[in-house]
Amino acid sequence: MSAPSVPPNAGKIMAAVQRALRGLDVGSTEAIQILSWANNETPAIYDRDQTAYLVLGSYRDPYLRRVRAVSDRLNRRYGTYAFLIGDLTDIDIPRLPEFRVKFHITATLSDYVAAVFEQDAGGEVNELGKISETEYFEKAYAFPRAYHWETEAHLTDEHDVLAAAAQLMVTTDIGEETKTAELEALVERAKQADIDITVDTLVDELEEQEIEVPSYSWVHLNDFRLFELHGRCYPWTTEDELLDVADELPGLPRPRWEQQ
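Read on for a plain summary of the structure.

Scoring rules and cut-offs
- Residues numbered from 1 in each chain as written.
- Predicted model: local features only at pLDDT ≥ 70, side-chain atom pairs only at ≥ 80, totals over all residues.
- Heavy atoms only, no water.
- Patch = residues over 30% accessible without salt bridge, like charges linked within 9 Å, V, L, I, M, F, W, Y side chains within 5 Å.
- Areas by Shrake-Rupley, 256 points an atom, 1.4 Å probe, with all protein chains shown as cover.
- Salt bridge = Lys/Arg side-chain N within 4 Å of Asp/Glu carboxyl O.
- Lys, Arg positive; Asp, Glu negative; His and termini not counted.
- Charge placed at Lys NZ, Arg CZ, Asp CG, Glu CD.
- Helix = DSSP H or I, 4+ residues; strand = E, 2+ residues; numbered from the N terminus.
- Buried < 20%, exposed > 50% of the residue type's maximum accessible area, 1.4 Å probe, protein only.
- 1 Å grid on protein atoms, 1.4 Å probe; cavity = no way out; pocket = protein on both sides within 12 Å on 5 of 7 lines; lining within 4 Å.
- Points joined across faces, edges and corners; volume = space filled by probe spheres on them.
- Nonpolar A, V, L, I, M, F, W, Y, C, P; charged D, E, K, R; others polar.
- Pairing = 2+ DSSP bridges.
- Right-handed = clockwise from strand over helix to strand, strands pointing away.

### Things to note about a negative patch on the surface
Taken together, Asp200, Asp204, Glu207 and Glu208 make up a surface patch of like negative charges. Relative to the elements of secondary structure, Glu207 occurs in helix H9 (residues 199-208).

Structure follows, in structure tokens:
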């Protein structure tokens, strides 16, 4: 019986596996299974004649439909391969955390990572941590639904400040003292953007108006702000807006006839 085929970048793949497992020893049979899987599933990712996008997000309805919409939109570009980890076959490694292995291999091999966020629960929280705290950050872009810009460059009027304040007030895992401190910091950023407003005014306006915003966690907001500061955060509210901002990702554009 011939030995399983080994991908040409086997060393890079196994280094990604070691990052995924934090240096845990991988058995020879497990290594063979991983490399065999990679040989079958990943060539389209590292093909240098095209740009590869790993698309992350919730696999639950109705969120999955929008994650797939982003993948489909990107695949309309010339020379592009956009994919979800869930579309790849399973690896026969029952002892090991398979998703971590798949994530690190595909994130390593992909040119860009696009992550769609709509809620403060589920696997997306884990994925956000992975892309914001690892070497994959430099190739990652965040697409948070209804996230309101919080840095001075994106605060253009009082409405922007009010929306950002509403977002802070529904944050799920911080106390009132922290919320007050963040409102004060938001007001200071607003003043830097020449918007004259006070904390008391914000509180009064929030009590009078009903502003619907997702109840993201404090972890989410901090990571979204990090992506914002690096110019790689693309908020959206409707699916059409999501697809429009997906077009702003680096890489070859959609065909001109398809855009008309």
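### As for the environment of Thr238
Within the secondary structure layout, Thr238 lies in the loop between helix H10 (218-229) and helix H11 (239-246). Thr238 sits in the partly exposed class, given a relative accessible area of 39%. Separated by 134 residues in the primary sequence, Thr238 and His104 have C-alpha atoms spaced 30 Å apart.

### Observations regarding the layout of surface pockets
In this approach the atoms are scanned with a rolling probe the size of a water molecule, which exposes any empty space left behind. Computed from the structure, the largest pocket encloses a volume of approximately 200 Å³. Lining the largest pocket we find 13 residues, and of these Tyr147, His148, Trp149, Asp160 and Pro235 sit closest to its centre. Here the element with the most residues in the lining of the largest pocket is helix H7 (residues 158-169); it accounts for 3 residues. When the residues that make up the lining of the largest pocket are grouped by side-chain class, the tally is 6 nonpolar, 5 polar and 2 charged.

### Structural notes on empty space enclosed by the protein
Tallying each qualifying case throughout the model produces 1 cavity of 30 Å³ or more. The computed volume of the largest cavity comes to approximately 30 Å³. Every residue along the wall of the largest cavity is listed here: Ser58, Tyr63, Val67, Val116, Phe117, Glu118, Gln119 and Glu124. Taken together, the elements giving at least two residues each to the lining of the largest cavity come down to helix H4 (63-75) and strand E3 (112-117). Across the lining of the largest cavity, the residue classes tally to 4 nonpolar, 2 polar and 2 charged.

### Describing the pattern of salt bridges
Evaluated as defined, the whole model comprises 16 salt bridges. The salt bridge partner of Arg19 is Glu135, with a shortest N-O separation of 2.6 Å. On the criterion of sequence distance, the pair formed by Arg19 in helix H1 (residues 10-21) and Glu135 in the loop between helix H6 (123-133) and strand E4 (140-144) is long-range, its members being 116 residues apart. A residue is classified by how much of its surface remains accessible, and Glu135, at 44% relative accessible area, is partly exposed. Across the pair Glu182 and Arg225 runs a salt bridge, and its minimum N-O distance is 3.5 Å. Of the two residues, Glu182 is situated in helix H8 (residues 176-192) and Arg225 in helix H10; the sequence distance between them amounts to 43 residues.

### A look at the pairing of strand E2 (residues 80-83)
Pairing geometry for strand E1 (residues 51-56) and E2, over 4 bridges, is parallel. Counted as the bridge partner of Ala52 is Tyr81 from E2. For the segment spanning E1, H4 and E2, crossover handedness is right-handed.

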